[in-house]
Amino acid sequence: MTRFSSLTSQFFIFIAIILGIAISVSTYTQYSNEANIINKALYDRGESLAELLAAISVEPLLVFDDVTLNGYAEFISNQKDIVFAAVVNDKNVPLTHYLNKNNNYIKEVLQSDEIVDIQPALNDLRKNTDILFFETVIKFGDKPLAKAWVGLDRQPYNKLSKDALLNILWITLGVGLFVGGAMYFLFKRKIFKPIEILMQGTQSIANFDFDKTVKIDGSGEFALLADSFDKMRLQIKETMESRDLVMMELSELNDSLEEHVQARTQELQILNLKIAHEAMHDPLTGLPNRVLVTEQLQHDIAHAERTKTKLAVFIMDLNNFKEVNDTLGHPEGDRLLINVSQRLLKAIRDSDTVGRLGGDEFAMVLPDINEHDAVKVANKILEELLPSFALDDHTIKVGASIGIAIYPDHGVDHTSLVRLADVAMYEAKKDKSDVCVYRAELDKYTPLRLSLMDYLHTALETNQLQLHYQPQVSLVENKVVSVEALIRWYHPELGWIFPDQFIPIAENTGLINQVSDWVLEEAFTQWRKWQDTGVNLNIAINLSARDLASPGLPARIAGLCNKYKMHNNGITAEITESAIMYNPEQVIEIMHEPDMQRLQFSIDDFGTGYSSLSYLKKLSVEEVKIDKSFIIDMVRDDNDANIVKSVIDLVHNLGHVVVAEGVEDIETLTQLKLLGCDKVQGYFFSKAVPVDELMAIIKNIEQA
Ligand code: C2E
Ligand code: CA
Ligand code: CA
């Protein structure tokens, strides 16, 4: 509004200034015109009167008729605006004169002092600027006779021109005001009112009031503008309304979303707690895992340090657990571990911690205890484990070995305490003493089991691993048709480390996938080299249960087959029966993956994993390897021989090839031949050897 009124007032100030200037200029021009006209008339009159007086005075002058002359002068000066009239000689001496006694100047002159001498009085009047003075020479022919003087009073003319000025002023002002007013009303109606309406419209919209119609009558530009503006208002209104609707829906949506989020957050919190718990606990037994045990141990060490007390770390390993697992299967093994953990919990105090580190390895942390009492507790634990464990299908006995390390006598930090207890546990196992407290001299005899994983990392990076190859002889073709690739690790300080020592740990820690990756690459490379040099040997490699569970395996196999151009099943993957039975459905599924079909499959260690016939039928395998434990003694043990015979028949019935591993002597070989075994492998032919010794050995075998 202020801007608008300032526009109006600016406009009016502008108009007023223009009008003022116009009025002034017009008044001035008119007035000066009028004054000029009046002035000219005055002069004309004065001049003609003087000439008239001169003309009529010639005759009386010639005849010296003073009376007539006087009469003329009086006649002339009788005019209201004439001050005086006179006829003077060349010396300005009045011959006749007449003064208008009604004139104010004359009145003044006459009143002030009686005119004695008329000549000086006339001269004074002549010089008065308020009196216009005219002089005409009176001539007879060319001869000057006298001069006619006429004095005209300027006053009435002055007054007249002042009146004229006022008149002009009033008229011009009137016209000016009229024009100004007319302009004002015109502008107000045609421009300012519409602008005001439009501005009010925009202001309403600016204030989010979309209901005020904007309308200007008529058909001019403003009316059109108002019309489009109003359409715009309606559009904005519509948009705003739909926006409001959307906002409402949005806010409703937001509310329900918030509810969802809250619910989700709660679920997540619960899940997080669960995950946090799972991250810290062993899923099988529910006991704290290595992470939590370590944490608790650190905490207890700090406490012992403050209170100047001792604490004990136990590492316990079950005796023969691998055998239990292998013979009774993983499910029974798992149940045994659960039962063991329950008994352990019974044997210790509330302030003690018991956790499972992996496999059949448990750890216990016992605060505020000395070595003597720690040994007593360890024996109590072993007593607790003495009674048989009733599993689902079997009742078994298991012993255990416990290694003890004491803070601060043997070590002060958690890593070394665990390592030392582990060293002691190995010693207990080795000398079958069940419980062993750490002593410094134990250290040098113990393989650095805990460090083994660190070393294995390095081994993978620095080519410490090798594949050795053990020939497999076909009893049908009487020649070496394939080799089994067995991993070997030569450590620069520890010397040869055999797979039984590190493969189980690698399987437990997940490092096995990297190991298998290395084995696969190495085996494919070797196969390609042999193919390129005309050696036609199938290579069998060993895969772990954990490899089969890795989702990237089929793609990896496909990649290798393409890279090394393997189209004819040149590689066989051996999978142990117990690995298959750990999760048969998964193994069946992965074996049937098209990419995996580019390999052949062999069931390793058959006879130890309790596989069921129904699964055996479903597995797409080429061969079955009878476990060496049945082969080695079969010539001396009828039981084993019977098992071998039944397995060979069963496998043949299923349409697979039978392989016997662990063939150490000629008797075993002969018997296997009689039983119809297809392929054999064992020390009788050769141990696993480095690749550069292999060809000579194969040659020997085939010649013999
Ligand atoms: P396995 O697959 O059953 O391999 C056969 C094992 O028996 C080999 O031991 C082999 O050297 C040994 N052996 C061969 N012939 C005879 C014989 O006539 N008599 C006796 N008593 N033993 C014989 P090794 O090389 O120590 O391997 C042990 C186990 O380590 C293998 O058992 C296999 O389960 C695993 N392993 C070996 N290499 C690899 C590998 O590259 N990857 C995986 N995942 N496991 C491997
Ligand atoms: Ca094998
Ligand atoms: Ca085997």
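Refer to the preceding data block for the structure.
Conventions we followed
- Residues numbered from 1 in each chain as written.
- Chains lettered and ligands numbered in written order.
- Predicted model: local features only at pLDDT ≥ 70, side-chain atom pairs only at ≥ 80, totals over all residues.
- Heavy atoms only, no water.
- Helix = DSSP H or I, 4+ residues; strand = E, 2+ residues; numbered from the N terminus.
- Rg over C-alpha atoms; globule rule 2.2 N^0.38 Å.
- Buried < 20%, exposed > 50% of the residue type's maximum accessible area, 1.4 Å probe, protein only.
- Contact = heavy atoms within 4.5 Å.
- Donors = N, O, S within 2.8 Å, 3.2 Å for Na, K, Ca; no water.
- Near = heavy atom within 4 Å.
- Polar contact = N/O pair within 3.5 Å; in protein donor to acceptor, adjacent residues only side chain to side chain.
- Areas by Shrake-Rupley, 256 points an atom, 1.4 Å probe, with all protein chains shown as cover.
- Nonpolar A, V, L, I, M, F, W, Y, C, P; charged D, E, K, R; others polar.
- Axes fitted to C-alpha atoms, helices over the stretch in contact; angles between N-to-C directions.
- Parallel < 35°, antiparallel > 145°, perpendicular 65-115°, else oblique.
- Left-handed = near helix turned anticlockwise from the far one by under 90°.
- Pairing = 2+ DSSP bridges.
- 1 Å grid on protein atoms, 1.4 Å probe; cavity = no way out; pocket = protein on both sides within 12 Å on 5 of 7 lines; lining within 4 Å.
- Points joined across faces, edges and corners; volume = space filled by probe spheres on them.

1. Here we look at the overall build of the protein chain
Then, number 1: Scanning the protein chain from terminus to terminus reveals 23 helices and 20 strands.
Then, number 2: Radius of gyration (C-alpha) of the protein chain: 68 Å, far over the 27 Å computed for a compact globule of 704 residues.
Then, number 3: Along the first, second and third principal axes, the C-alpha atoms of the protein chain reach 205 × 70 × 55 Å.
Then, number 4: Across the 704 residues of the protein chain, 42% fall into the buried class.
Then, number 5: Once local pairs closer than 6 in sequence are excluded, the contacts in the protein chain between residues at least 24 apart make up 65%.

2. Looking at the coordination of the calcium ion (ligand 3)
Then, number 1: Coordination of the calcium ion (ligand 3) by the protein comes from D604 (OD), D605 (OD), E661 (OE) and E661 (OE), over a distance range of 2.1 to 2.5 Å.
Then, number 2: In the primary structure, the donors to the calcium ion (ligand 3) are separated according to the pattern D-D-x55-E.
Then, number 3: A spacing of 4.1 Å is found between the calcium ion (ligand 3) and the calcium ion (ligand 2), which share D604 as a donor. Taken as a pair, D605 in strand β17 (residues 600–606) and E661 in strand β19 (residues 657–661) lie far apart in primary sequence, 56 residues in all.
Then, number 4: Residue E661 is classed as buried on the basis of its relative accessible area of 7%.

3. Side note on the site of ligand 1
Then, number 1: The environment of ligand 1 is formed by 21 residues, the closest being Q470, R488, D604, E664 and Y683.
Then, number 2: Residue D605 places a side-chain N or O atom 3.3 Å away from an oxygen atom belonging to ligand 1.
Then, number 3: The contact in question runs from a nitrogen atom of ligand 1 to an N or O atom on the side chain of E664, over 2.6 Å.
Then, number 4: Isolated, ligand 1 exposes 790 Å² of accessible area, and the fraction of that covered by the protein chains is 88%.
Then, number 5: Secondary-structure elements contributing two or more residues to the shell around ligand 1 are β13 (479–491), α13 (499–509), β17 and α20 (628–632).
Then, number 6: A class-by-class count of the residues in the shell around ligand 1 yields 8 nonpolar, 5 polar and 8 charged.

4. Brief notes about the packing of helix α21 (residues 638–653) against helix α22 (residues 666–675)
Then, number 1: For the pair α21 and α22, the least separation of the axes is 10 Å and the interaxial angle reads 40 degrees. One way to sum up the angle between α21 and α22 is to call them oblique. Both α21 and α22 take part in a crossing whose hand is right-handed. Facing α21, whose interface residues are A641, V644, K645 and I648, α22 presents Q671, L672 and L675.
Then, number 2: Counted by class, the contact of α21 with α22 contains 5 nonpolar, 1 polar and 1 charged residues.

5. Structural notes on the coordination of the calcium ion (ligand 2)
Then, number 1: Listed as protein donors to the calcium ion (ligand 2) are E484 (OE), N542 (OD1), E574 (OE) and D604 (OD); their distances from the metal cover 2.1 to 2.3 Å.
Then, number 2: Each donor residue of the calcium ion (ligand 2) belongs to the same chain, and together they define the spacing E-x57-N-x31-E-x29-D.
Then, number 3: The exposure class of E574 is buried, given its relative accessible area of 1%.

6. Considering the side chain of D153
Then, number 1: Mapping D153 onto the fold places it in strand β4 (residues 143–153).
Then, number 2: Overall, D153 belongs to the buried group, its relative accessible area being 8%.
Then, number 3: Excluding anything up to four places from it in sequence, D153 contacts D81, V83, N103, Y105 and D130.

7. Some details on the pairing of strand β18 (residues 623–626)
Then, number 1: Neither face of β18 is exposed, since E623 and K625 on one face and V624 and I626 on the opposite face are all buried.
Then, number 2: By the bridge criterion, 3 bridges tie β17 to β18 in an arrangement that is parallel. Opposite S602, over in β18, you have E623 as the bridge partner.
Then, number 3: Looking at chain direction, β18 and β19 are connected through 4 bridges and run parallel. Paired with I626 across the strands is A660, a residue of β19.

8. Side note on the sheet that holds strand β1 (residues 82–88)
Then, number 1: Overall, antiparallel pairing links the 4 strands, which are arranged β2-β1-β4-β3 in an open sheet. Each end of this open sheet is capped by a strand with a single partner; those strands are β2 (94–99) and β3 (131–140). Sheet twist, expressed as the average angle between the axes of neighbouring strands with direction ignored, equals 15 degrees.
Then, number 2: In terms of strand pairing, β3 meets β4 through 10 bridges, oriented antiparallel. Across the sheet, V137 pairs through a bridge with K147, a residue of β4.

9. Comments concerning unusual backbone geometry
Then, number 1: Y407 connects to P408 through a cis peptide bond whose omega is 0 degrees.
Then, number 2: Within the element layout of this structure, P408 appears in the loop between β10 (400–407) and α11 (414–430).
Then, number 3: Phi is positive for F64, which is not a glycine, with a value near 55 degrees.
Then, number 4: Position of F64 relative to the elements: it lies in the loop between α1 (2–63) and α2 (66–77).
Then, number 5: F64 sits in the exposed class, given a relative accessible area of 70%.
Then, number 6: If you check the backbone angles, F208 has positive phi at about 60 degrees while not being a glycine.

10. Side note on the layout of surface pockets
Then, number 1: Of the pockets and cavities examined, the second largest pocket occupies roughly 510 Å³.
Then, number 2: Taken together, 28 residues make up the lining of the second largest pocket; nearest its centre are V481, S482, L537, N538 and K679.
Then, number 3: Listed by contribution, the elements that provide at least two residues to the lining of the second largest pocket are β12 (465–474), β13, α14 (512–532), β15 (538–543) and α23 (691–703).
Then, number 4: Among the elements that line the lining of the second largest pocket, the one with the most residues is β13, at 4 residues.
Then, number 5: Across the lining of the second largest pocket, the residue classes break down as 10 nonpolar, 11 polar and 7 charged.

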